[in-house]
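Survey of secondary and tertiary structure
The lines below spell out each chain.
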Amino acid sequence: MTDDTTHTFSRRRAIKVFGAAGIAGLAGCSGGSDGSDGSDGSDGSDGSDGSDGSDGSTTTESEDMTTESEGTTTSSSGNLEDSMMVYTTTDYSPVLTAFEEEYGVTVEQSVYPGPQVTSRFTTEAQSGELQADASIQSLQALTWESVAPYLAEIEVENGDAVMTEERRSVLEERGAYGKGWPIIVLPFGAPYNTQNVDTAPETWQDFLASKWENRLATPTTSMRSLYLLRQKQGDSADEAMSYLQDLDQNISQYTPASPPTVQAIIGGQYDQGVHMATHFVREGVDQGAPIDVAYPEYTLEHHNAVGVTADDQNDAPNLSREFARWVTSDAGQEAIQNELQFKPANPEMEHGHPHMQQRLEEYDPEMIPALYSQQQARDIDATLTENIDRIEAS
């Protein structure tokens, strides 16, 4: 651990210099993961973490930061370490570069698919060898019992701008307020093939119509969050399960992840997606593919969030906290909007992709944040397996 005055050869620098970790295959920012690597999604991912579900990881540094010095840097924000490591689910290079340029520091990132970033973080933390000073991943995962104890509880200056009353409420209910700060909103919706679908479903009841028999697809883990979402909207547990059983009659196949499902919809294998991450649609729209998205009257408001590693395993406690403050600030949120074309967590800011913003305005869904514990996830999965034959036990 470096302090404000001493230059030390930290365990992280030893790993970097001696090459203890092999790295391969950058995960692009247009993908997502919901257990597509063989995981059951028990890390908190619902297919909307922004990764592409690929295996492997990549460690990157900004191209214009060619040297890395030891020790600390004194900036206008106080004494900050000169470098930090962030574990992410997708490539945040444009955002990290903006932070580097403003503060004159170096930020390395290691990119892992959604389930892998959580297991990597947890495994290292439990062994006392956590390499990440901060992590950007699903807010769901950051609040889980296996992750939250290894995160610092922090406040950020622009907290009210990214922490709505609804988000604060679900975090407080989970006992995890301050462990993760939302930076991106990832709305769930219904992607569809524009050549095969004349009118997309606009209500949850529409998905049950006989016209959709054997035409729908959704990732298995999406059924978990839909079960919880319907209960938050007033269904009893039995009513929510009854709806899922009715929906099951129209589902052609339960898929492993959102990205390949979107590709299959573009290819015409499925006509219509149900309750899945929709930011993967952006690339297809830009390429002129037959893909678009609709939103029912209410939907899941999923988040990517930043968490800061607890001080006992954090080599850059000051810089990582400053990064959390910056990425939730107007400057950080604008970088997310403009450079990544995501929807910032600040509800006053529009989606960074014009077509996606247009669809959100057109359908105007009520977006509902929902978080569940690891035990709740296991219980819901057991209930789904017991009541829907085609959903297999993890």
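As the structure is a computational prediction, the values presented were derived from the model and not from experiment.

Concerning the pattern of salt bridges
The full count for this structure, using the stated rule, is 12 salt bridges. A salt bridge links Arg 168 to Asp 160; the shortest N-O distance between them is 3.3 Å. Here Asp 381 ties to Arg 224 by a salt bridge, and the two come within 2.9 Å at their closest N and O atoms. With Asp 381 in helix H14 (residues 374–387) and Arg 224 in helix H7 (residues 220–232), this residue pair connects regions lying 157 residues apart in the sequence. Just as Asp 381 is buried, Arg 224 falls in that class too. Several salt bridges share partner residues, and in doing so they unite Asp 292, Arg 359 and Glu 362 into one network.

Considerations on the environment of Ser 329
Within the secondary structure, Ser 329 sits in the loop between helix H11 (317–327) and helix H12 (330–340). Through-space distance from the C-alpha of Ser 329 to that of Ile 183 is 9.3 Å; in sequence the pair is 146 residues apart. A distance of 2.5 Å separates a polar side-chain atom of Ser 329 from the backbone oxygen of Trp 326.

Remarks on the packing of aromatic side chains
The full count for this structure, using the stated rule, is 11 aromatic pairs. Ring centres of Phe 99 and Phe 323 lie 5.1 Å apart, and the angle between their planes is 80°; on these two criteria the pair is classed as edge-to-face. In this pair, Phe 99 is assigned in helix H2 (residues 93–103) and Phe 323 in helix H11, connecting sequence segments 224 residues apart. Just as Phe 99 is buried, Phe 323 falls in that class too. Between Trp 144 and Tyr 372 the ring centres are 6.1 Å apart and the planes differ by 55°, which places this aromatic pair in the tilted class. Placement of the pair is Trp 144 in the loop between helix H4 (139–142) and helix H5 (159–162) and Tyr 372 in the loop between strand E15 (366–368) and H14, with a sequence separation of 228 residues. Assessed through its relative accessible area of 2%, Trp 144 is described here as buried. Aromatic ring contacts, followed pair by pair, group Phe 99, Tyr 103, Phe 323 and Trp 326 into a single cluster. Residue placement shows Arg 230 over the ring face of Tyr 243; its charged tip is 3.8 Å from the ring centre. One Lys or Arg, Arg 282, reaches over the ring of Phe 342 and ends 4.5 Å from the middle of that ring.

Things to note about H14
The terminal C-alpha atoms of H14, which comprises 14 residues, lie 20 Å apart, in line with the 20 Å expected from a rise of 1.5 Å per residue. Every buried residue belonging to H14 is among Gln 374, Ala 377, Ile 380, Asp 381 and Leu 384, and all of these are buried. The arc that holds the buried residues of H14, viewed along the axis, is 120°, so those residues lie on one side. Residues of H14 that are exposed and point over 90 degrees away from its buried face: Arg 378 and Glu 386. For H14, the elements touching its buried residues are H7 and helix H8 (237–248).

Describing the environment of Trp 326
Residue position: Trp 326 is located in helix H11. Sequence separation of Trp 326 and Phe 99 is 227 residues, and the distance between their C-alpha atoms is 7.6 Å. Filtering out sequence-adjacent residues up to four positions away, Trp 326 remains in contact with Val 95, Ala 98, Phe 99, Glu 102, Tyr 103, Ala 331, Gly 332 and Ala 335.

Brief notes about the confidence of the model for the protein chain
Summary statistics for the protein chain give a mean pLDDT of 84 and a share of 80% for residues scoring 70 or more. Long-range and interchain partners of residues 1–44, a stretch whose pLDDT sits below 50, account for 139 contacts in this model, where long-range means more than four residues apart. Note that pLDDT drops below 50 for residues 52–56; the model gives that stretch 22 contacts with residues more than four away or on any other chain.

Examining unusual backbone geometry
As a rule of thumb, non-glycine residues mostly have phi less than zero, and peptide bonds are mostly trans rather than cis. Of note, His 275 is a non-glycine position whose phi angle comes to about 45°, a positive value. Note on placement: His 275 falls in the loop between strand E10 (272–273) and strand E11 (276–277). The exposure class assigned to His 275 is buried, which follows from its relative accessible area of 2%. At Asp 364, a residue that is not glycine, the phi angle is positive and equals roughly 45°. Residue placement: Asp 364 occurs in the loop between helix H13 (354–363) and E15. Since its relative accessible area comes to 60%, Asp 364 is described here as exposed.

Conventions and cut-offs
- Residues numbered from 1 in each chain as written.
- Predicted model: local features only at pLDDT ≥ 70, side-chain atom pairs only at ≥ 80, totals over all residues.
- Heavy atoms only, no water.
- Salt bridge = Lys/Arg side-chain N within 4 Å of Asp/Glu carboxyl O.
- Helix = DSSP H or I, 4+ residues; strand = E, 2+ residues; numbered from the N terminus.
- Buried < 20%, exposed > 50% of the residue type's maximum accessible area, 1.4 Å probe, protein only.
- Polar contact = N/O pair within 3.5 Å; in protein donor to acceptor, adjacent residues only side chain to side chain.
- Phe/Tyr/Trp six-rings, centres within 6.5 Å; stacked < 30°, edge-to-face > 60°.
- Lys NZ or Arg CZ within 6 Å of the ring centre and 35° of its normal.
- Expected span 1.5 Å × (residues − 1).
- Arc of directions from axis to C-beta.
- Contact = heavy atoms within 4.5 Å.
- pLDDT = per-residue confidence, 0-100.

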